[in-house]
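# Inside the fold
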Amino acid sequence: MLAVLAAVCFLLSQPVCCVFQTLYCTISDSCDCDFRPDMRDLEWDLYRNVYGQHLAQDIVSEEVASFLQNKSPDRPLVLSFHGSSGTGKTLVSSMLAKHLYSSGLSSPYIHQFIPTLHFPLPNRVRRYRSDLESWVKGNLTECARSVFIFDEMEKIPPGIIDVLEPFLGPSHVVFRTNYRKAIYVFISTTGEKVINQLALDFRQAGREREEIRLADLQDAVAQAVYNSSSSGFYHSSIIQQKLITRFVPFLPLCRRHVERCARWQLCQQGWCWRNDVVEAVGGDMIYTPDEGRYFSTTGCKAVPAKINLFL
Ligand SMILES: Nc1ncnc2c1ncn2[C@@H]1O[C@H](COP(=O)(O)OP(=O)(O)O)[C@@H](O)[C@H]1O
Ligand SMILES: [Mg+2]
């Protein structure tokens, strides 16, 4: 029956076709849009082009692979990225987009929310909640494999994101669409203090940063996110109900990582051999704490500006 409906849909011309397609997607759950996940490319990109983030590399590749292997997941994949500015959070979210949909971030099935653009006024929370809910619902009806990226969560007024709670849980088909195939990525700097402190503790104890395990940070980050009044997840039922599949900590970057970022940028511009610029950029960053100067305060964010200065 559904196959016939789909075939009819192909044959019919535009507006009518769209109505049929929406109907078909709503009652089936088989609409995977132009979803073309390439796990090998994603892993390659993560391990080759993201520096100093073993936790993010492992968690993202493992969670995405196991989520995609399951043809009928019992809940969506919900990842929450945390860490200081310039450590690669947005970079990893765009890699994810790029290797799930061939058109990457410009795919109509990848939805990116920028708080200052989409939720600018704190006194409009009710309006934003209902807009967000109907928007997510509408997009999931069109494409069960939709990806929703919420960047700079610390700028989202508290209370808005909770409207997503019914979409993130394991309950059965809500809103007559298979919302359990969706992927949500939340990004914020909240939790950076606990992450950076642990990285510092390891460093001062002479231990490798790669020895840091997710278990060392998972609960501390969840708590920081729940208790921080400047977090979009402040006192959120999403955290209480444990609806985040994984918190993904991004560690503070050291000088050697900054220099790798500089080299990569230089190579893109055809200046691969300019070791002098790589070194100058690495030396011109501000590192904390005062004693030891281990971690770049802006991660790799200021690298392009510094390159322009020294090139
Ligand atoms: N861990 C990293 N590995 C490689 N490049 C990085 C890393 N972190 C940041 N960068 C570079 O710095 C730029 C800014 O990083 P971004 O992902 O936007 O940081 P944020 O964590 O603030 O979202 C990126 O476009 C990328 O070129
Ligand atoms: Mg960012």
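One structure accompanies this document, and this report is about it. (Residues numbered from 1 in each chain as written. Chains lettered and ligands numbered in written order. Predicted model: local features only at pLDDT ≥ 70, side-chain atom pairs only at ≥ 80, totals over all residues.)

This next bit is on the overall build of the chain. Helix and strand counts for the chain come out as 14 helices and 7 strands. The contacts of the chain with a sequence gap of at least 6 include a subset with a gap of at least 24, amounting to 76%. (Helix = DSSP H or I, 4+ residues; strand = E, 2+ residues; numbered from the N terminus. Contact = placed C-beta atoms within 7 Å.)

This next bit is on the nonpolar core. Membership of the largest hydrophobic core comes to 76 residues, with the highest contact counts inside it found for Val60, Leu96, Val185 and Ala262. Ranked by residues supplied to this core, first place goes to helix α5 (residues 89–100) with 6 residues. Taken together, domain 2 (39–249) and domain 3 (255–310) each give at least three residues to this core, which thus spans both. (Core = buried A, V, L, I, M, F, W, Y, C linked by C-beta atoms within 7 Å. Buried ≥ 20, exposed ≤ 12 C-beta atoms within 10 Å, placed from the backbone. Domains from an automatic or database assignment.)

Another point: the site of ligand 1. For ligand 1, the set of nearby residues contains 15 residues, the closest of which are Gly88, Lys89, Thr90, Leu91 and Cys300. With 3 residues, α5 is the single largest residue contributor to the shell around ligand 1. Per-class residue counts for the shell around ligand 1 are 5 nonpolar, 8 polar and 2 charged. Counting residues domain by domain, the shell around ligand 1 receives three or more from each of domain 2 (39–249) and domain 3 (255–310). (Near = placed C-beta within 6 Å. Nonpolar A, V, L, I, M, F, W, Y, C, P; charged D, E, K, R; others polar.)

Going from threonine 288 to proline 289, the amide bond is cis rather than trans, its omega being -10 degrees. In this model, glutamate 152 sits at a positive phi of 50 degrees, which is unusual for a non-glycine residue. Residue placement: glutamate 152 occurs in the loop between β3 (147–150) and α8 (165–168). Here arginine 293, not a glycine, exhibits a phi torsion of approximately 45 degrees, which is positive. Relative to the helices and strands, arginine 293 is located in the loop between β6 (287–288) and β7 (295–296).

We now examine the environment of alanine 302. Structurally, alanine 302 is set in the loop between β7 and α14 (303–310). Separated by 216 residues in the primary sequence, alanine 302 and glycine 86 place their C-alpha atoms 8.0 Å from one another.

Attention now moves to helix α7 (residues 125–142). An α-helical segment advances 3.6 residues per turn. Residues three or four places apart therefore align on the same side. Here α7 is 18 residues long and its end C-alpha atoms lie 26 Å apart, about the 26 Å a rise of 1.5 Å per residue gives. Taken residue by residue, α7 has Tyr128, Leu132, Val136 and Leu140 as its buried positions. For α7, the angular spread of the buried residues around the axis is 85 degrees, confining them to a single face. Facing away from the buried surface of α7 by more than 90 degrees, the exposed residues are Arg126, Arg127, Ser130 and Ser134. Looking at the packing, one finds that the buried side of α7 touches β3 and α8. (Expected span 1.5 Å × (residues − 1). Arc of directions from axis to C-beta.)

With that out of the way, let us pick up the sheet that holds strand β1 (residues 77–82). Taken together, 5 strands build an open sheet; the order of strands is β2-β3-β4-β1-β5 and the sheet is parallel. Because the sheet does not close on itself, it has two edges, and the strands there are β2 (110–113) and β5 (246–249). Here the average twist between neighbouring strands, direction ignored, is 15 degrees. (Pairing = 2+ DSSP bridges. Axes fitted to C-alpha atoms, helices over the stretch in contact; angles between N-to-C directions.)

Another point: the packing of helix α13 (residues 275–284) against α14. Axis separation between α13 and α14 bottoms out at 9 Å; the angle between their running directions is 125 degrees. Comparing their axes, α14 and α13 come out oblique. α13 and α14 meet at a crossing whose hand is right-handed. Residues Val277, Ala280, Val281 and Asp284 of α13 form the contact with α14, whose own contacting residues are Val303, Lys306, Ile307 and Phe310. (Parallel < 35°, antiparallel > 145°, perpendicular 65-115°, else oblique. Left-handed = near helix turned anticlockwise from the far one by under 90°.)

Taken residue by residue, helix α3 (residues 39–49) has Leu42, Asp45 and Leu46 as its buried positions. Relative to the axis of α3, the buried residues are bounded by an arc of 95 degrees and lie together on one face. Those residues of α3 that are exposed and aimed more than 90 degrees away from the buried face are Arg40, Asp41 and Arg48. The inward-facing, buried residues of α3 contact α4 (54–69) and α5.

Moving on, we get to the packing of helix α12 (residues 255–268) against α14. Where α12 contacts α14, the two axes come as close as 10 Å, and the packing angle between them is 65 degrees. Considering their axes alone, α12 and α14 lie roughly perpendicular with respect to each other. Here α12 runs over α14; the crossing is right-handed. Here α12 contributes Val258, Cys261, Ala262, Gln265 and Leu266 to the contact with α14, which in turn contributes Val303, Pro304 and Ile307.

This part covers the environment of lysine 71. As for its position among the elements, lysine 71 is in the loop between α4 and β1. On the basis of neighbour counts, which here come to 6 C-beta atoms within 10 Å, the residue lysine 71 falls in the exposed class. Between the alpha carbons of lysine 71 and lysine 181 there is a distance of 8.5 Å; along the sequence they are 110 residues apart.

Take it as geometry only, folks, not as evidence of what the structure does.
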